[in-house]
Amino acid sequence: SAAIEVRDASYSYGGSNIEALRGVSFTIERGVKTVLMGPNGAGKSTLISLLNGLEEPSSGEVQVLGKRWTRESGMRLRQRVGVVYQDPDDQIFSTSVEEDVAFGPRNLGLPESEVKERVADALRTMGICELRGRSPFELSYGQKRRVAIAGVLAMRPEIIILDEPMAFLDPKSRDDLQAMLDELHGLGITLMVATHDVDFAAEWAERVLLLKEGRLLAAGTTDLLYDDA
Ligand code: ADP
Ligand code: ADP
């Protein structure tokens, strides 16, 4: 099955008559590097909530990893679809980096040896082994973001969605992050990145989804980025 199949999905927030998503349809095959683009308010965050089971579409259908999920089963979906939110401070809460990255797998009730192994792997992949004993709160923004990604990675998800991961990073940190994304891709993880960064999108993505005012304006290759949108 495809990683993600969205069929004519719409979504309205309770108490609001504005449709945050309107009749959106697209398919993402497994392993395809996708960027989700569009101005603020386009519906990117709303779409992400549908893709990790936090919300269900008001109409239409969302299938992730071959299944429709409800808000009740969404908890299990979130073990398989990790989301890295824009602000790492929203995702970091433990007293040490190691504890923070261990939180998810420990919560799954995995044996401690397995937790330790996952944490070590995630820290290694994100290049932050030397931060393991540090308090995440005293780290730089770029380092916090890596900790947040490591925490998601430790869940061993099949899909990772990152919301504006390049924001506020200097060029060197962006390059490092892009290299890390490619490493995650190499592990077989399907990646979707919500971003305003056209240069990154053009260089990195295999597929582009362009949202505006809740509608999917276009879905295709990075050639889209050179059209007038
Ligand atoms: P983006 O992530 O692309 O900036 P969003 O998905 O956050 O877009 O927002 C899409 C639309 O839904 C916007 O019109 C926004 O104002 C509205 N919206 C977002 N969150 C809520 C909410 N919690 N309640 C009501 N409307 C919301
Ligand atoms: P790195 O470890 O990647 O070098 P830095 O802490 O140096 O990360 O931050 C990179 C950029 O992000 C800098 O331009 C900095 O001003 C900005 N930045 C740092 N912390 C924040 C924050 N909490 N919110 C917004 N921007 C931030």
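Residues numbered from 1 in each chain as written. Chains lettered and ligands numbered in written order. Predicted model: local features only at pLDDT ≥ 70, side-chain atom pairs only at ≥ 80, totals over all residues. Heavy atoms only, no water.

Going by an unreviewed UniProt entry, the protein carries the name Cobalt ECF transporter T component CbiQ and comes from Paenibacillus oenotherae.

Our focus in this paragraph is unusual backbone geometry. Of note, glutamate 164 is a non-glycine position whose phi angle comes to about 50°, a positive value. Residue position: glutamate 164 is located in the loop between β7 (159-163) and α6 (171-186). (Helix = DSSP H or I, 4+ residues; strand = E, 2+ residues; numbered from the N terminus.)

Let us now look at the sheet that holds strand β3 (residues 34-37). Taken in spatial order, the six strands of this open sheet run β6-β7-β8-β3-β9-β10, and their pairing is mixed. Here the strands that pair on one side only, and so sit at the sheet edges, are β6 (81-84) and β10 (215-220). Adjacent strand axes in the sheet meet at a mean angle of 15°, parallel and antiparallel pairs treated alike. As paired elements, β6 and β7 share four bridges and run parallel to each other. If you follow valine 84 over to β7, its bridge partner there is leucine 162. (Pairing = 2+ DSSP bridges. Axes fitted to C-alpha atoms, helices over the stretch in contact; angles between N-to-C directions.)

The next point concerns the packing of helix α3 (residues 97-107) against helix α5 (residues 141-153). With their axes 7 Å apart at the nearest point, α3 and α5 run at an angle of 35° to one another. The crossing of α3 and α5 is right-handed. On α5, the residues that touch Val97, Asp100 and Val101 of α3 are Val147, Ala150 and Gly151. Residues of the contact of α3 with α5, tallied by class, amount to four nonpolar, one polar and one charged. (Left-handed = near helix turned anticlockwise from the far one by under 90°. Contact = heavy atoms within 4.5 Å. Nonpolar A, V, L, I, M, F, W, Y, C, P; charged D, E, K, R; others polar.)

Applying the stated criterion across every chain yields a total of four aromatic pairs. Taking the centre distance of 5.0 Å and the plane angle of 85° together, the rings of phenylalanine 93 and phenylalanine 103 count as edge-to-face. With phenylalanine 93 in the loop between β6 and α3 and phenylalanine 103 in helix α3, this pair connects stretches of sequence that are 10 residues apart. Relative to tryptophan 204, the ring of phenylalanine 200 lies with its centre 5.2 Å away and its plane at 15°, an arrangement referred to as stacked. Of this pair, phenylalanine 200 and tryptophan 204 both sit in helix α7 (residues 198-204), four residues apart, roughly one helical turn. Comparing phenylalanine 200 with tryptophan 204, the two get one shared label, buried. (Phe/Tyr/Trp six-rings, centres within 6.5 Å; stacked < 30°, edge-to-face > 60°. Buried < 20%, exposed > 50% of the residue type's maximum accessible area, 1.4 Å probe, protein only.)

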